[in-house]
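Geometric and topological summary
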Amino acid sequence: DGYLNCDLSNEIKFAIMLSGMDTSNILGSDDFRNNVVPYLAEHYFRNPNYARIDNKAVIYMYTLSSFITVFGSEDNARAEIEYLNDYAKQLGYSGVYIISSCDANDDTAVKSAKNIGADATFLYSAPNIAGYRNTQSTYNAVALSAAQNNGLDFVPNVFMGYSDIAWRKSLTYGDGALTPRSF
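To start, this report covers the structure provided alongside it. (Residues numbered from 1 in each chain as written. Predicted model: local features only at pLDDT ≥ 70, side-chain atom pairs only at ≥ 80, totals over all residues. Heavy atoms only, no water.)

Further remarks concern the pattern of salt bridges. Applying the stated criterion across every chain, the model contains 4 salt bridges. Salt-bridge contacts for Arg33 lead to Glu80; the nearest nitrogen and oxygen are separated by 2.9 Å. Of this pair, Arg33 sits in helix 1 (residues 29-45) while Glu80 sits in helix 3 (residues 74-90), and the two are 47 residues apart along the sequence. Here Glu42 ties to Arg46 by a salt bridge, and the two come within 3.5 Å at their closest N and O atoms. Arg46 matches Glu42 in its accessibility class, with the two residues each being exposed. (Salt bridge = Lys/Arg side-chain N within 4 Å of Asp/Glu carboxyl O. Helix = DSSP H or I, 4+ residues; strand = E, 2+ residues; numbered from the N terminus. Buried < 20%, exposed > 50% of the residue type's maximum accessible area, 1.4 Å probe, protein only.)

Printed below as a string of structure tokens:
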């Protein structure tokens, strides 16, 4: 409610992230189709500032494994993505553009994202390397390669909001780590 009612909300494109999905808050296909999807459409997709790629509604997904678990298999999860895609088309979109979180070093997850119908992957975070400029660039390059090798796009990011400096024994900024100001 805060974002959608702020003074500048009409100036900013936005997308949602399906996050925290599990069987305690999505009770399977019927719940997803009868409650979650209509809610997404009514509260987000109908907003003229909702982000689009090739006229597809952008949806980030964290985590892929939990989404699959809710529906019991990759095939069932794919059916739900196809349903969501068709629903978005009824609203005038060209479908949905799913961007799934995948670890750069987990080719199985990237293949799974492809199998359920995701269009792209992204890195949600990298706990032990966030804040290191060169390491993050390398990690993004590995993730880009994994996505491309599986026929997916990759959306790079800077692991927003995460710095592991507080967990380090030494609070130095050596090894190319970004200072708090740079971060």
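Turning to its location among the elements, Tyr83 is positioned in helix 3. In this structure the C-alpha to C-alpha distance between Tyr83 and Gly95, which are 12 residues apart in sequence, comes to 9.7 Å. Discounting chain neighbours no more than four positions away, the residues touching Tyr83 are Arg33 and Val37. (Contact = heavy atoms within 4.5 Å.)

Attention shifts here to the nonpolar core. Counting 42 residues, the largest nonpolar core has Phe45, Phe67 and Leu84 as its most contacted members. Within the residue set of this core, elements represented by two or more residues are strand 1 (16-19), helix 1, strand 3 (56-62), helix 2 (64-71), helix 3, strand 4 (96-101), helix 4 (107-116) and helix 5 (133-149). For this core, the element with the most residues is helix 1, which contributes 6 residues. Dropping the residues within four chain positions of it, Phe67 is found in contact with Met21, Phe32, Met61, Ala77, Glu80, Ile81 and Ile116. (Core = buried A, V, L, I, M, F, W, Y, C linked by side-chain atoms within 4.5 Å.)

Okay, the side chain of Asp31 next. Along the chain, Asp31 falls in helix 1. We note that Asp31 is buried and unpaired, the nearest opposite charge coming from Arg33 at a distance of 11 Å. Setting aside anything within four residues of it in sequence, one finds Asp31 in contact with Asn25, Ile26 and Val36. (Lys, Arg positive; Asp, Glu negative; His and termini not counted.)

With that settled, consider the pairing of strand 3. Here 4 bridges tie strand 1 to strand 3, and the two strands are oriented parallel to one another. Bridging across to strand 3, Met17 finds its partner in Tyr60. Where strand 2 (residues 52-53) lies against strand 3, 2 bridges are found, and the strand directions are antiparallel. Note that in strand 3 the partner of Arg52 across the bridge is Ala57. Counting the residues between successive antiparallel strands, the hairpin from strand 2 to strand 3 contains 2 residues, one of them, Asp54, with a positive phi of roughly 50°. Pairing of strand 3 with strand 4, which is carried by 5 bridges, proceeds in the parallel orientation. (Pairing = 2+ DSSP bridges.)

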